[in-house]
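Here is what each chain is made of, one letter per residue.
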Amino acid sequence: MEFIDPHFHYWDITPTSPSGHDADIIKSPAQYLPQDYVEDMKATGLVLKKAVMIEALSNKPLAEANWVTEQINSDVVSSVAHKIVAYVDFSQDAEVVEELLKTYAANPLIVGIRQILNHHPTNPLITWPKVPQDYLQDEKWCKNFALLGKYNFTFDFQGNPHQFLGAAKLFAQHPNIPVVIDHLGTLYLRGEEDKEVSLGVWRQGLRELASLAHVRCFRRRREEKRQKK
């Protein structure tokens, strides 16, 4: 059976790696490279045709994108059509954000952007690295988010369920920016919070997101959009 892998990662936290991956965030293995990916896919018995590599919290986003591009262009995975979802920190000044987006746009492999947004005001277990605040409530962040439409990029949304309504409100203002929901909305059912309450928040948020025609859980529309242009 042929299939498309819409979300996986390459990384390299060895001391000489140019990728910028953070050993304090990615613990092990030290590397996950094309040869590892190919072997893992062979073990499934499935035929991988296309794959989307998602950024992996590098401290050097552009260096990561360039490194991943080199990995993808290697002979090891030449039979698989790859695309990249790179990282941008939208909390930076607009000029910095736009310069990085412009650079990414010159790379035909880069089709989308992700900045992880998981934040909780009291629960550090569901606040991810490099997310010091709820960026969806930050005016500067939201204004810079709009730049994605200018460069025809999708956005991979990874946030906590209590952030979904704020996300849906923002996404509704930008129907020209296709959105992909990562990890089924990162539902968290551990800790002291009531599970039924948590499930209710998650379901309500997903309904709001699902009501938006440009919010999906796949990326083919991105390729179609490019072909039309």
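Residues numbered from 1 in each chain as written. Predicted model: local features only at pLDDT ≥ 70, side-chain atom pairs only at ≥ 80, totals over all residues. Heavy atoms only, no water.

A few words on the confidence of the model for the protein. When pLDDT is low, close inspection of the predicted coordinates is not appropriate. Averaged over all residues, the pLDDT of the protein equals 92, while 93% of them reach at least 70. Within the model, pLDDT remains below 50 along residues 219-229, and this stretch shows 30 contacts once partners closer than five positions in the same chain are excluded. (pLDDT = per-residue confidence, 0-100. Contact = heavy atoms within 4.5 Å.)

To continue, consider the nonpolar core. Ranked by size, the top nonpolar core spans 59 residues in total, and within it Tyr-10, Trp-141, Phe-155, Phe-157 and Phe-171 carry the most contacts. In terms of residue count, helix α6 (residues 164-172) provides more of this core than any other element does, five residues in total. Excluding residues within four positions of it along the chain, Trp-141 makes contact with Phe-90, Ser-91, Gln-115, Leu-117, Tyr-135, Leu-136, Phe-155 and Leu-170. (Core = buried A, V, L, I, M, F, W, Y, C linked by side-chain atoms within 4.5 Å. Buried < 20%, exposed > 50% of the residue type's maximum accessible area, 1.4 Å probe, protein only. Helix = DSSP H or I, 4+ residues; strand = E, 2+ residues; numbered from the N terminus.)

On to the packing of aromatic side chains, then. Enumeration according to the criterion identifies 16 aromatic pairs in this entry. Measuring from ring centre to ring centre gives 6.5 Å for Tyr-32 and Tyr-37, while their planes differ by 70°; the resulting arrangement is edge-to-face. Residue Tyr-37 is classed as buried on the basis of its relative accessible area, which comes to 2%. On the basis of an interplanar angle of 20° and a centroid distance of 5.7 Å, the ring pair of Trp-141 and Phe-145 is categorised as stacked. Pair noted here: Trp-141 and Phe-145 are both in helix α4 (residues 139-145), with a separation of four residues, about one helical turn. Pair check on accessibility: Trp-141 and Phe-145 agree, each one buried. What links up through ring pairs into an aromatic cluster is the set Phe-90, Tyr-135, Trp-141, Phe-145, Phe-155, Phe-157, Phe-164 and Phe-171. (Phe/Tyr/Trp six-rings, centres within 6.5 Å; stacked < 30°, edge-to-face > 60°.)

Let us look at the pattern of salt bridges. Scanning the entire structure with this criterion turns up five salt bridges. The salt bridge involving Glu-39 is made with Lys-42; its shortest N-O contact spans 3.7 Å. Residue Glu-39 and its partner Lys-42 are located together in helix α1 (residues 34-44), separated by three residues, close to a single helical turn. Across the pair Glu-55 and Arg-114 runs a salt bridge whose closest N-O atoms are separated by 2.9 Å. Note that Glu-55 is positioned in the loop between β4 (47-54) and α2 (61-72) and Arg-114 in strand β6 (residues 110-114), a separation of 59 residues in sequence. Judged on exposure class, the residue Glu-55 and its partner Arg-114 are both buried. Overlapping salt bridges bring together Glu-55, Arg-114 and Asp-182 as one network. (Salt bridge = Lys/Arg side-chain N within 4 Å of Asp/Glu carboxyl O.)

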